[in-house]
Amino acid sequence: YQRSVAGGACEYYAEHGDAPGRWHGSGLSQLGLLAGAEVQERELEALFGRALSPTTGVALGSPWRSDAVTGYDLTFSAPKSVSTLWALGDARTMAEIDAAHAAAVNAALGYLEVHASLSRRGRDGVEQIGSAGFAAALFDHRTSRTGDPQLHTHALVVNKVRCVDGAWRTLDGHEIFHHKKSAGVIFQTALRAELSARLPVSFGAVSEHGQAEIAGVPEQLLTAWSSRTSAVLADAVPTIADAEDALGRPVSAAERARIIKTAVLTTRPAKDAPVPAGDRRARWAAQAAALGLATDAVTDSVQAANSQARSGVP
């Protein structure tokens, strides 16, 4: 994965984005970077490629080993119904959803900075130590690899932090792993709160993963625009069945996760060529119309479901 973006991470991550990457995190000041500033290729190369300060060229502690984890790609993805409403909504609806998504990403990263921007020092990392916080490059994408509407943000967190004793060390990756599900739930919860405050929407039941869909978004659109998920399941489900036959028992949660992870990689298509925003929206509107759904009809359905929910009518 790192090899695929080496020397061209900005191009790779901005290919489907509507805007350049931007810097985020409390640790930026330690690197001479500004929050919200546009991410430059040379900055990513210095940090992720050579473990150097992008502004001074000074080494950030020990150099990367050949097998080093140089960073973490934390991806925050909106529910499909949110992406669907964004794709078919008017300019105000799109802007409000974009703002809500950005606020939810900030909330999740803020949680991780408080609870997971830790390092370790001493022999075998015996002592956990605090830091000045993350430095992350955020890239906003609005489509899936198969061209479906899919709002998501990649947060590329550099695996170097300035510890409270002044030394540069790698992050304690166990803490990121430990808190990642909580961060995902915070993202989803914050997104619902932001959207409910900005738009006339209501939500269905919350899943075990903390996610809920906007009420009133037609199910046929959610299915049609989940082609990536469909491809993964089409590959994984038969593999799971074969494994259970061979083992003579149901696969464990860990075994299932490994099979699905493999299916994600094996079915991963090359990125489509970038499509201008106007052409993209026209294509999505045509796809919805082919299912008998006009753009206004989707918005009206969402507003009707919200009115029903607020009135308490079952």
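Within each chain, residues carry numbers counting from 1 in the order of the written sequence. Totals for whole chains, interfaces and linings use all residues, but because this is a predicted model, local features are given only for residues with pLDDT of at least 70 and pairs of side-chain atoms are given and counted only at 80 or more. Calculation of side-chain values draws on the structure's entire complement of heavy atoms; hydrogens and water are dropped beforehand.

### Side note on the pairing of strand E5 (residues 136-143)
Categorising residues by exposure relies on relative accessible area from a 1.4 Å probe, with only protein chains included: less than 20% of the type maximum marks a residue as buried, more than 50% marks it as exposed, and the intermediate range marks it as partly exposed. Helix and strand definitions here come from DSSP, where helices need a minimum of 4 consecutive H or I residues and strands a minimum of 2 consecutive E residues; each element is numbered from the N-terminal end. Extensive coverage of E5 is indicated by the burial of eight of its eight residues. Of the strand pairs in this sheet, strand E1 (residues 22-24) and E5 are connected by three bridges, and their pairing is antiparallel. The residue of E5 that forms the bridge with Trp23 is Ala137. Here, strands pair whenever DSSP counts at least two bridges between them.

### Some details on the environment of Pro20
Examined against the element boundaries, Pro20 turns out to sit in the loop between helix H2 (9-14) and E1. The partly exposed category is assigned to Pro20, whose relative accessible area is 45%.

### Section: the sheet that holds E5
With antiparallel pairing, the four strands of this open sheet are ordered in space as E1-E5-E6-E2. Each end of this open sheet is capped by a strand with a single partner; those strands are E1 and strand E2 (71-77). Between one strand axis and the next, the sheet turns by 30° as a mean value, whatever way the strands run. One ladder, built from seven bridges, connects E5 with strand E6 (residues 149-158); its direction is antiparallel. Interaxial angles span 0 to 180 degrees and are taken between N-to-C directions of axes, which are lines fitted to C-alpha atoms, for helices over the stretch in contact.

### Re unusual backbone geometry
Not every positive phi belongs to a glycine, and Ala51 is a case in point at roughly 55°. Structurally, Ala51 can be placed in the loop between helix H3 (41-50) and E2. By relative accessible area, Ala51 is classed as buried at 2%. We note that Asp124 has phi near 60°; this positive angle belongs to a residue other than glycine. Considering the arrangement of structural elements, one finds Asp124 in the loop between strand E3 (119-121) and strand E4 (127-129). We classify Asp124 as exposed; its relative accessible area is 76%.

### Considerations on empty space enclosed by the protein
The pocket and cavity definitions rest on a 1 Å grid over protein atoms only: a 1.4 Å probe that fits but cannot leave marks a cavity, an open set with protein on both sides within 12 Å along at least five of seven lines marks a pocket, and residues lining either have an atom within 4 Å of a point. Grid points are joined across faces, edges and corners, and a volume is the space filled by probe spheres set on the points. Under the counting rule described, the total for this entry stands at one cavity of 30 Å³ or more. Counted as a void, the largest cavity has a volume near 40 Å³. Gly27, Leu31, Gly133, Phe134, Ala135, Lys160, Val161, Arg162 and Trp168 together form the lining of the largest cavity. Each residue receives one of three labels: charged for Asp, Glu, Lys and Arg, nonpolar for Ala, Val, Leu, Ile, Met, Phe, Trp, Tyr, Cys and Pro, and polar for the others, Gly being one of them. When grouped by side-chain class, the residues that make up the lining of the largest cavity number five nonpolar, two polar and two charged.

### With respect to the confidence of the model for the protein chain
For every residue, the predictor reports its confidence as pLDDT, a number between 0 and 100. Considering every residue of the protein chain, the mean pLDDT works out to 86; 85% of them sit at 70 or more. Averaged over each element, pLDDT in the protein chain is lowest for helix H1 (residues 2-5) (57) and highest for strand E7 (residues 161-162) (97).

### A closer look at the packing of aromatic side chains
When we look at a pair of aromatic rings, we describe it by the centre distance and by the angle of the planes. Aromatic pairing here means that ring centres of Phe, Tyr or Trp (its six-membered ring) are within 6.5 Å. Orientation follows from the plane angle: under 30 degrees is stacked, over 60 is edge-to-face, and everything else is tilted. Under the defined criterion, the tally for this structure stands at three aromatic pairs. Joined through ring pairs, the aromatic side chains of Trp86, Trp225 and Trp284 make up one cluster. Positioned above the aromatic ring of Trp64 is the side chain of Lys160, whose terminal nitrogen or guanidinium carbon lies 5.1 Å from the ring centre. Two limits define a charge over a ring: the Lys NZ or Arg CZ must be within 6 Å of the ring centre, and within 35 degrees of the ring normal.

### Digging into H3
Those residues of H3 that sit buried are Glu43, Leu44, Ala46, Leu47 and Phe48. Summarising the axial view, the buried residues of H3 lie within an arc of 165°, below the 170-degree limit, and thus occupy one face. Backbone geometry just after H3 places Ala51 at a positive phi near 55°. When we speak of the arc, we mean the arc of directions from the helix axis to the C-beta atoms.

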